[in-house]
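Working through the structure, step by step
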Amino acid sequence: MQFIDSHCHLDFSEFDSSRESLITECVAKGVNQFVVPGITLAQSHTLIELKATYPSIKIAAGLHPYFLDQHKESHIEALFEFATTNKHQLVAIGECGLDRSIENLSKQTYLFEQQIKLSNELSLPLIVHHRQSHDLIAQAFKRCKPKNGGVIHAFSGSIQQA
Ligand SMILES: [Zn+2]
């Protein structure tokens, strides 16, 4: 049996001292691939190196709404460039999405829809973050339909919403 952890922020500094042993332990238990989402432009760049170090790690590139303060206007264009250049290294676009606990929903919506466009352009699936935002995400999907599926991380809506 082979399992893939589809959402795993193994690059976070909390794992600096345990990353190697954690991966070894997971592989021994049958979880032998990990998808590490992108959260900022700078961090997405660093994931290329992480992937080279750990062959079991698959990576995505994205601008996470939780780190909205760090995303400058120019970052979306830079993300398009980065993801297009490194398309063969990526398994998804994201983590992107909408979070009602973070201010500035209009900036979040813009960045989210741009990342849906990017995933469509590159034929990659999406990793979507939500928090009290199923309705807003459904609206964004109507305006800008993702063509390659993906994962809504920690989905907590109803079957109907799904
Ligand atoms: Zn996440």
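Before reading on, note that the structure itself is shown above.
Here we summarise the structure given alongside this text. (Residues numbered from 1 in each chain as written. Predicted model: local features only at pLDDT ≥ 70, side-chain atom pairs only at ≥ 80, totals over all residues. Heavy atoms only, no water.)

Details of the packing of helix H3 (residues 74-85) against helix H4 (residues 105-122)
It is the contact of H3 with H4, at a shortest axis distance of 11 Å, that shows an interaxial angle of 20°. When the interaxial angle is binned, H3 and H4 end up roughly parallel. Judged by the twist between their axes, the crossing of H3 over H4 is right-handed. Between H3 and H4, the residues in contact are Ile 76, Leu 79, Phe 80, Ala 83 and Thr 84 and Tyr 110, Leu 111, Gln 114, Gln 115, Lys 117, Leu 118, Glu 121 and Leu 122, respectively. Tallied by class, residues from the contact of H3 with H4 come to 8 nonpolar, 3 polar and 2 charged. (Axes fitted to C-alpha atoms, helices over the stretch in contact; angles between N-to-C directions. Helix = DSSP H or I, 4+ residues; strand = E, 2+ residues; numbered from the N terminus. Parallel < 35°, antiparallel > 145°, perpendicular 65-115°, else oblique. Left-handed = near helix turned anticlockwise from the far one by under 90°. Contact = heavy atoms within 4.5 Å. Nonpolar A, V, L, I, M, F, W, Y, C, P; charged D, E, K, R; others polar.)

What to know about the layout of surface pockets
Put simply, the largest pocket is a space of about 250 Å³. Elements with a contribution of two residues or more to the lining of the largest pocket: strand E5 (126-131), helix H5 (134-143) and strand E6 (150-152). At 4 residues, the largest contribution of residues to the lining of the largest pocket is made by H5. Taken together, the residues that form the lining of the largest pocket break down as 10 nonpolar, 4 polar and no charged. (1 Å grid on protein atoms, 1.4 Å probe; cavity = no way out; pocket = protein on both sides within 12 Å on 5 of 7 lines; lining within 4 Å. Points joined across faces, edges and corners; volume = space filled by probe spheres on them.)

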